[in-house]
Amino acid sequence: MELISVEGGRSLSGQLTVQGAKNSVLPILAATILSGDVCRICGCPRLRDVDTAVEILQHLGCRAHWAGGDLVVDTTQLTSSEIPEELMRKMRSSVMFLGAILARCGRADMSYPGGCELGPRPIDLHLAALRTLGAEVREEGGNIHCRGSSLQGTEVVLNLPSVGATENAILAACGAEGVTTVSNAAREPEIVDLQDFLNKLGARVQGAGTSTVVVEGKQPLHGCEHRVISDRIVAATYLAAAAAAGGDIRLEGVDWRHLSTVTNALGAAGCRIQSGDGGIRLQCREPLRGIHPVRTSPYPGFPTDAQAVLMAALLRSRGTTVFVENMFENRYRHVAELLRLGADVRIEGRVAVVCGVSRLQGARVRATDLRGGAALVLAGLQAEGTTQVEAIHHIERGYEDLPGDLVQLGACVRRIVT
Ligand code: EPZ
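Residues numbered from 1 in each chain as written. Predicted model: local features only at pLDDT ≥ 70, side-chain atom pairs only at ≥ 80, totals over all residues. Heavy atoms only, no water.

A. Just the side chain of arginine 371, in detail. Note on placement: arginine 371 falls in helix H12 (residues 370-381). The charged side chain of arginine 371 is buried without a salt bridge, its nearest counter-charge being aspartate 305 at 4.8 Å. Looking at arginine 371, its side chain comes within polar contact range of the side chain of tyrosine 399, at 3.2 Å. Leave out the neighbours within four places in its chain, and arginine 371 touches Lys22, Ile233, Val234, Asp305, Ala308, Val309, Arg331 and Tyr399. (Helix = DSSP H or I, 4+ residues; strand = E, 2+ residues; numbered from the N terminus. Buried < 20%, exposed > 50% of the residue type's maximum accessible area, 1.4 Å probe, protein only. Lys, Arg positive; Asp, Glu negative; His and termini not counted. Salt bridge = Lys/Arg side-chain N within 4 Å of Asp/Glu carboxyl O. Polar contact = N/O pair within 3.5 Å; in protein donor to acceptor, adjacent residues only side chain to side chain. Contact = heavy atoms within 4.5 Å.)

B. A look at the site of the ligand. The full set close to the ligand counts 23 residues, and Asp124, Leu125, Ser162, Asp305 and Met327 are the nearest of them. Asparagine 23 places a polar side-chain atom, nitrogen or oxygen, 3.1 Å from an oxygen atom of the ligand. Note that an oxygen atom of the ligand is positioned 2.7 Å from one of the side-chain N or O atoms of serine 162. Against a free-state accessible area of 830 Å², the protein chains account for coverage of 88% of the ligand. Contributions of two or more residues to the shell around the ligand are made by helix H1 (22-35), helix H5 (124-132), helix H6 (163-173) and H12. Of the residues assigned to the shell around the ligand, the class counts are nine nonpolar, six polar and eight charged. (Near = heavy atom within 4 Å. Areas by Shrake-Rupley, 256 points an atom, 1.4 Å probe, with all protein chains shown as cover. Nonpolar A, V, L, I, M, F, W, Y, C, P; charged D, E, K, R; others polar.)

C. How the structure looks around unusual backbone geometry. Cis geometry marks the peptide bond from tyrosine 299 to proline 300; its omega dihedral reads 10°. Secondary-structure assignment places proline 300 in the loop between strand S18 (294-295) and helix H10 (307-313). One non-glycine residue with positive phi stands out, namely asparagine 184, at about 60°. Relative to the elements of secondary structure, asparagine 184 occurs in the loop between strand S11 (179-183) and helix H7 (189-201). Located in the positive-phi region is lysine 218, a residue other than glycine, with phi close to 60°. Take lysine 218: it is sitting in the loop between strand S13 (212-216) and strand S14 (224-227). Residue lysine 218 is classed as partly exposed on the basis of its relative accessible area, which comes to 45%.

D. Seen up close, the nonpolar core. Formed by 74 residues in total, the largest nonpolar core has its most connected members in Leu12, Met311 and Leu406. Broken down by element, the residue count for this core peaks at eleven residues, all from helix H8 (residues 232-245). The contact partners of leucine 12, leaving out residues within four places of it in the chain, are Ala241, Ala242, Ala245, Gly246, Gly247, Asp248, Ile249, Leu381, Leu406, Leu409, Gly410 and Ala411. With 72 residues, the next largest nonpolar core counts Leu57, Met96, Leu98 and Ala203 among its residues. (Core = buried A, V, L, I, M, F, W, Y, C linked by side-chain atoms within 4.5 Å.)

E. The arrangement of helix H9 (residues 260-268) in detail. Considered for burial, the residues of H9 that qualify are Val262, Thr263, Ala265 and Leu266. The buried side chains of H9 occupy one side of the element, clustering within an arc of 155° when seen end-on. Just past H9, the residue glycine 270 takes up positive phi, approximately 120°. (Arc of directions from axis to C-beta.)

F. Molecular detail of the sheet that holds strand S10 (residues 155-157). An order of S10-S11-S13-S12 is seen for the four strands of this open sheet, with the pairing classed as mixed. The open sheet has two edge strands with one neighbour each: S10 and strand S12 (204-206). Strand-to-strand twist across the sheet, computed as the mean angle between neighbouring axes with direction ignored, equals 15°. With three bridges joining them, S12 and S13 adopt antiparallel strand pairing. If you follow valine 205 over to S13, its bridge partner there is valine 215. (Pairing = 2+ DSSP bridges. Axes fitted to C-alpha atoms, helices over the stretch in contact; angles between N-to-C directions.)

G. Structural context of the packing of H6 against H7. Packing of H6 against H7 leaves a shortest axis separation of 11 Å and a crossing angle of 15°. For the element pair H6 / H7, the angle class is roughly parallel. Where H6 crosses over H7, the handedness of that crossing is right-handed. When H6 is examined against H7, the residues Val163, Thr166, Glu167, Ile170 and Leu171 are found in contact with a partner set consisting of Ile191, Leu194 and Leu198. (Parallel < 35°, antiparallel > 145°, perpendicular 65-115°, else oblique. Left-handed = near helix turned anticlockwise from the far one by under 90°.)

H. How the structure looks around the side chain of glutamate 396. Topologically, glutamate 396 is positioned in helix H13 (residues 393-396). Classification of glutamate 396 as buried rests on a relative accessible area of 18%. Beyond its immediate sequence surroundings of up to four residues, glutamate 396 is in contact with Leu47, Arg48 and Arg415.

I. Molecular detail of the environment of leucine 341. Of note, leucine 341 is situated in the loop between helix H11 (333-339) and strand S20 (344-348). In contact with leucine 341, not counting residues within four places along its chain, are Leu360, Gln361, Gly362, Ala363, Val365, Ala379 and Thr387.

J. Molecular detail of the packing of H1 against H7. Between H1 and H7, whose axes approach to 9 Å, the crossing angle comes to 25°. Considering their axes alone, H1 and H7 lie roughly parallel with respect to each other. The chirality of how H1 crosses H7 is right-handed. Of H7, the residues touching H1 (which contributes Asn23, Ser24, Pro27, Ile28, Ala31, Thr32, Leu34 and Ser35) are Glu190, Asp193, Leu194, Phe197, Leu198 and Leu201. Looking at side-chain class alone, the contact of H1 with H7 contains eight nonpolar, four polar and two charged residues.

K. Local environment of the state of the cysteines. Enumeration over the complete set of coordinates arrives at zero disulfides. No disulfide involves cysteine 62; its sulfur sits 8.9 Å from the nearest other cysteine sulfur, which is in cysteine 105. Take cysteine 105: its relative accessible area is 32%, and that puts it in the partly exposed class. (Disulfide = S-S within 2.5 Å.)

Here it is in structure tokens:
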């Protein structure tokens, strides 16, 4: 069994360059299908989810290989437009390949991605967007069959600013005749990164980062080289780690504007934060204090992906903090594990009340999902004794080397195989 073992009680110091953004590189890998050429994704993080995306591309007939820290993808040859169930179940965000495959092949077949640790993950908005563009979408027997060899540009209105549905609509619109306007689009920085990548391919996309994205479809496309933005949630994780353990760290290569709601919360809790010239410095010398209610919401609101790690940082704060998780139904699964370490967190539906305790005791805990698993490691940094985290495959979906990065910042963390 693989574990992450954490010796608590050490403060953090030093600096770290943050990995490329998982939630950028996944839609960008789907977008490579549109190019029918060779694309070099620079600064691509080595993650389980990236491995799954590469498996999907190879299943479709594409080729991919690593060149140092870059992933080179050749989508010249496409021999299939179908993603099998076992690949869909490995990563539910594989649904974002739907729009790109449909735009390239005029058809796409895949199984329903199913739910995940965070609860049911519906894709009704994705399918509605494709239907609006003129695709025929049949859902039967747990599978999705899309047909649409002549997609027509039009206005696509999303009922919710869904990140994945926005990305699927943009990718499908690249294959539609005429102009598509995606309204009520999600505004995440990863969507801006996708737009930048698509425009390097020769696409004509504008407005990403706002609620209205405009795509002029059917542009002649070619390969490109693109460096993905840094991962704002991984950055938030390390800032929360320094807040949890105390210390003084600097993160390089991070656009502070992408996580300002997180740095605002950590500042309110008593951390000293300096942002600018491509980095963020966090100093934490005093115990944290409870803060204003933290409500997760679509970007630029407080990111749901940072909820668990901020909660971990506040477990020993002086005071109480209320969290309201508005994005997913089941995103407090890490709390039961935090209680094993002596935390005082109470859940009522979407609300979690975190009452700071004076000490946490190391224990054996089990990761329940990607960010919840990272939160358990952060709790271990501030617990007395040793904390061992099981089921670390969840964590490795989104963090290249959480133990190694924390060791670089002075923590005593090891990945062990028992
Ligand atoms: C993306 O997921 C991210 N994943 C998630 O990060 C992130 O938590 C989420 O956006 C919210 O920011 C990737 O980018 C790969 P949504 P996505 O569609 O696109 C509902 C992580 O930790 N909804 O914006 O699946 C949905 O149920 C992961 O890196 C529908 O109802 O999120 C949710 O309540 C976890 N119908 C809300 O919208 C739909 O068709 C937001 O989901 C689609 C979504």
